[in-house]
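Here is how the chains run, residue by residue.
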Amino acid sequence: MQIGIVGLGKMGGNISIRLTRHGHDVVAFDRDPAVTAKVCAQGEGNRCTPATGLKDMVGKLAGRKVVWLMLPAGEVTEQAVQELGTLMGKGDIVIDGGNSFYKDDIRRAAELMKKGIHYVDVGTSGGVWGLERGYCMMYGGTKDATDYIDPILSALAPGIGDIPRTPGRDKPGFDPRAEQGYLHCGPAGSGHFVKMVHNGIEYGIMQAFAEGFDVMKSKNSTDLPEDQRFELNMPDIAEVWRRGSVVSSWLLDLSASALAGNPDLSNYKGDVADSGEGRWTIEAAIEEAVPVPVITASLFTRFRSRTGNNFAEKMLSAMRFGFGGHIEGTNN
């Protein structure tokens, strides 16, 4: 299958390369021509063709055209969608694989459908590890469009791997794609909505780990009675928790790796950014009158981290860098 990929950063470039490894043809474009050339050079079997812009990309796509945007949420994505709306035709498909606000997806889908163009929002999780591990994807759009791009989504998904099957999923009514790591959630906007809540939950889990390690790190405080002070080894604690503990997880794996490399995490300032999904999750909860105290507190802690940092914020920075390559002080 042929697809255009716009935005070849940490995830867009790897998505392009992974698709070529699975036999798909990619027309790739990044505003930096050097990045475009580098990604295409890494594609397998000469299946990656560079484009100089959106018009050039659409012109190089044959048949029913499919373009996947992997751009930052906001104006840059909005402009790309609007431009593609003038370049593509009836039956074509625009995919937004970034972290756009789900209400923007609903509006964009309605606007493009007036021209017969389908819009699919794909919440994409996997970070810098997706090239090898695959991406967990939650997507929304029409059945016609999502069925058509299923070969692309299947190639990007991690597959069932060695994860044990959930008991009871052999009953009717469950989507078998969920076991493969990708799921059609509903109409346009639903994919990014589910991914938004996913990221809100992520905030809370990360905050709990960060606070817990901070409590242990501070157990040798001179404010405590001397016989109650412990000098605890953070790297070893993270490692033992990875082995059979109920809190074992990928985030704990990343924490253990960061602590093993530098137990004091002195290579991090602890200035923790938020990319929007946490805020949007809280806004949705307010609209629905659903209490989300953990997610709210974790977001506010990120705000506070920018005015003075402790070990907990350094833990958060280490985890963000581990799963997504996020640099402190940026929303990327």
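Parameters and conventions
Residues numbered from 1 in each chain as written. Predicted model: local features only at pLDDT ≥ 70, side-chain atom pairs only at ≥ 80, totals over all residues. Heavy atoms only, no water. Core = buried A, V, L, I, M, F, W, Y, C linked by side-chain atoms within 4.5 Å. Buried < 20%, exposed > 50% of the residue type's maximum accessible area, 1.4 Å probe, protein only. Helix = DSSP H or I, 4+ residues; strand = E, 2+ residues; numbered from the N terminus. Expected span 1.5 Å × (residues − 1). Contact = heavy atoms within 4.5 Å. Domains from an automatic or database assignment. Buried area = accessible area lost by both parts, 1.4 Å probe. Salt bridge = Lys/Arg side-chain N within 4 Å of Asp/Glu carboxyl O. Polar contact = N/O pair within 3.5 Å; in protein donor to acceptor, adjacent residues only side chain to side chain. Pairing = 2+ DSSP bridges. Phe/Tyr/Trp six-rings, centres within 6.5 Å; stacked < 30°, edge-to-face > 60°. Right-handed = clockwise from strand over helix to strand, strands pointing away.

**Student:** Where do I start with the nonpolar core in this structure?
**Tutor:** Side chains of nonpolar character tend, in soluble globular proteins, to be buried together. In this structure, Ile3, Leu19, Trp68, Ile95 and Met137 are the most contacted members of the largest nonpolar core, which totals 31 residues. Here this core gets 4 residues from one element, more than from any other, and that element is helix H8 (residues 150-156). Ranked by size, the runner-up nonpolar core spans 24 residues in total, among them Met234, Leu252, Leu259 and Phe311.

**Student:** Sorry, what's going on with helix H15 (residues 311-324) here?
**Tutor:** Given 3.6 residues per turn, any residue in an α-helix points the same way as the ones three and four places further on. Here H15 spans 20 Å end to end across 14 residues, near enough to the 20 Å set by a 1.5 Å rise per residue. Buried residues dominate H15, accounting for 12 of its 14 residues. Packed against the buried residues of H15 are helix H10 (190-217), helix H11 (234-241), helix H12 (250-261) and helix H14 (293-305). Gly325 sits one or two residues past H15 and shows a positive phi near 70°.

**Student:** Teacher, can you tell me more about the domain arrangement of the protein chain here?
**Tutor:** Many authors give the size of an interface as the accessible area that is lost as the parts come together. The domains assigned to the protein chain are domain 1 (2-163 + 173-186) and domain 2 (195-311). Domain 1 puts 13 residues into the contact, and the matching count from domain 2 is 10 residues. Together domain 1 and domain 2 conceal approximately 920 Å² of surface at their shared face, both sides included; 63% is due to carbon and sulfur atoms. At the boundary of domain 1 and domain 2, one finds 1 salt bridge. Glu287 is the partner of Lys103 in a salt bridge, and the nearest nitrogen-oxygen pair spans 2.7 Å. Remark: the boundary between domain 1 and domain 2 carries 3 residue pairs in polar contact (both at pLDDT 80 or more). The dominant element in the side of domain 1 that touches domain 2, judged by the number of residues it contributes, is strand E6 (residues 118-125), at 3 residues.

**Student:** Whenever I open this one, unusual backbone geometry confuses me. Can you help?
**Tutor:** Excluding glycine, most residues fall at negative phi; most peptide bonds, likewise, are trans. Look at Asn46: it is not a glycine, yet its phi comes out positive at around 55°. For Asn46, the location among the structural elements is in the loop between helix H2 (33-42) and strand E3 (48-50). Accessibility expressed as a relative area gives 77% for Asn46, which makes it exposed. One non-glycine residue, Ala289, adopts positive backbone phi at about 55°. Relative to the helices and strands, Ala289 is located in the loop between helix H13 (277-288) and H14.

**Student:** What should I look at first to understand helix H1 (residues 12-21) in this one?
**Tutor:** Burial analysis of H1 places 9 of its 10 residues in the buried class, the great majority of the element. Of all the positions in H1, only Gly12, Gly13, Asn14, Ile15, Ser16, Ile17, Arg18, Leu19 and Thr20 are classed as buried. Looking one or two residues past H1, Gly23 carries a phi angle of roughly 85°, positive in sign.

**Student:** Sorry, what's going on with the pairing of strand E7 (residues 136-140) here?
**Tutor:** Along any regular strand the residues' side chains alternate between the sheet's two faces. Burial analysis of E7 places 4 of its 5 residues in the buried class, which makes it a mostly covered element. With 5 bridges joining them, E6 and E7 adopt antiparallel strand pairing. From the neighbouring strand, Asp121 faces E7, where its bridge partner is Gly140. Where E7 lies against strand E8 (residues 182-186), 4 bridges are found, and the strand directions are parallel. Along E8, the bridge assignment pairs Met137 with Tyr182.

**Student:** How do you make sense of the environment of Thr77 when you look at a structure like this?
**Tutor:** Mapped onto the fold, Thr77 is located in helix H4 (residues 75-87). Taking the C-alpha atoms as reference, Thr77 lies 23 Å from Asp150; in sequence the two are 73 residues apart. Leaving out residues up to four positions away in the same chain, Thr77 has contacts with Leu69, Leu71, Pro72, Asp96, Ser100 and Arg108. Of the polar contacts made by the side chain of Thr77, one reaches the backbone oxygen of Pro72; its length is 2.7 Å.

**Student:** Honestly, the packing of aromatic side chains in this entry has me stumped. Any pointers?
**Tutor:** Between two aromatic rings, the relevant description is the distance of the centres plus the angle of the planes. Inspection of every chain in the model, using the stated rule, returns 6 aromatic pairs. Aromatic pair Phe101 and Trp280: ring centres 5.0 Å apart, planes at 40°, arrangement tilted. Here Phe101, found in the loop between strand E5 (93-96) and helix H5 (102-113), pairs with Trp280, found in helix H13; they are 179 residues apart in sequence, far enough to count as distant. An identical accessibility class is assigned to Phe101 and Trp280; each is buried.

**Student:** I'm lost on the pattern of salt bridges in this one. Help?
**Tutor:** One side chain can pair with another of opposite charge once the charged atoms of both are near each other. Inspection of every chain in the model, using the stated rule, returns 21 salt bridges. Among the ionic pairs, Arg165 bridges to Glu179, the shortest N-O distance being 2.8 Å. Of the two residues, Arg165 is situated in the loop between H8 and helix H9 (177-180) and Glu179 in helix H9; the sequence distance between them amounts to 14 residues. Residue Arg279 pairs with Asp274 through a salt bridge whose shortest N-O separation is 2.6 Å.

**Student:** What is the right way to read the pairing of strand E2 (residues 25-29) from this model?
**Tutor:** Where burial is concerned, most of E2 is hidden: 4 out of the 5 residues are buried. This β-α-β element, strand E1 (residues 2-6) to H1 to E2, shows right-handed connectivity. As defined by bridge partners, E2 adjoins E3 across 3 bridges and the pair is classed as parallel. Bridge assignment links Ala28 to a residue of E3, and that residue is Pro50. Once the chain exits E2 it traverses H2 before rejoining the sheet at E3, and the crossover so formed is right-handed.

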